[in-house]
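Letter by letter, the chains look like this.
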Amino acid sequence: MVAERDEVDQIVEAWRRERADLDVEPLQVLSRVSRLARLLDQARGRAFTDHGLDGWEFDVLSALRRVGAPYELSPGALVQQTLVTSGTMTNRVDRLESRGFVERHPAPKDRRGVLVRLTPAGRDAVDSAMTELLEQEHEILAHLPSRHRSALAASLRTLLAAVERPAD
């Protein structure tokens, strides 16, 4: 059985031909990861747009949804989970609040603190977008046997953990 060829194979061959002095082996993996990431971003964009959300809105709403009832976090915790600045998060919470997706509530243990809570409308929006997103992601992964998915997930986990590990 001959393995299926893709665009990356052509890119690697061209670089090997043009620059035989370079070890282009990383392209075999990372160019494919990059191309898949772009395709996944497009699928995610469609899932969010179909449900009236921007990607950043989904990020904030899903962070709140994942913590469980009562679906609330401090703005600082949201900053940590979404990797944006506190000023950006303030703006995002303002916009989500104006859409009726979140509410601000006083923090019970800190009179100066505030908690951001997901509203029923926000929960409906993130749940429906998540359902569609997973349908699209299942379609993407359907091309790969489940035993290969597990091995790929494990390999990517190992690589990501090493790359994300802070330098000593």
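Above this text is the structure in question.
Residues numbered from 1 in each chain as written. Predicted model: local features only at pLDDT ≥ 70, side-chain atom pairs only at ≥ 80, totals over all residues. Heavy atoms only, no water.

(A) Highlighting the nonpolar core. In terms of nonpolar packing, the biggest core is built from 26 residues, with Leu53, Leu61, Leu64 and Leu78 touching the most fellow members. Of all the secondary structure elements, the ones that give two or more residues to this core are α2 (25-50), α3 (55-66), α4 (75-82), α5 (86-98), β3 (110-118) and α6 (120-141). Ranked by the residues each element gives to this core, the list is headed by α3, at six residues. Not counting the four nearest positions on each side in its chain, Leu61 is found in contact with Leu53, Leu96, Phe101, Val102, Leu118, Gly122 and Val126. (Core = buried A, V, L, I, M, F, W, Y, C linked by side-chain atoms within 4.5 Å. Buried < 20%, exposed > 50% of the residue type's maximum accessible area, 1.4 Å probe, protein only. Helix = DSSP H or I, 4+ residues; strand = E, 2+ residues; numbered from the N terminus. Contact = heavy atoms within 4.5 Å.)

(B) Representation of the pattern of salt bridges within the structure. Applying the stated criterion to the full structure yields 13 salt bridges. In this structure, Arg19 and Asp21 form a salt bridge, with 2.6 Å as the shortest nitrogen-oxygen distance. Judged by relative accessible area, Asp21 falls into the exposed class, the value being 56%. Glu72 serves as the salt-bridge partner of Arg117, at 2.7 Å between the closest nitrogen and oxygen. Taken together, the residues Arg117 in strand β3 and Glu72 in strand β1 (residues 72-73) connect sequence positions 45 residues apart. Residue classification places Arg117 among the partly exposed positions, given a relative accessible area of 26%. Three or more residues joined by partner-sharing salt bridges are found here, namely Asp6, Asp9 and Arg32. (Salt bridge = Lys/Arg side-chain N within 4 Å of Asp/Glu carboxyl O.)

(C) Here's a closer look at the environment of Arg16. Position of Arg16 relative to the elements: it lies in helix α1 (residues 7-18). Discounting chain neighbours no more than four positions away, the residues touching Arg16 are Val24, Glu25 and Gln28.

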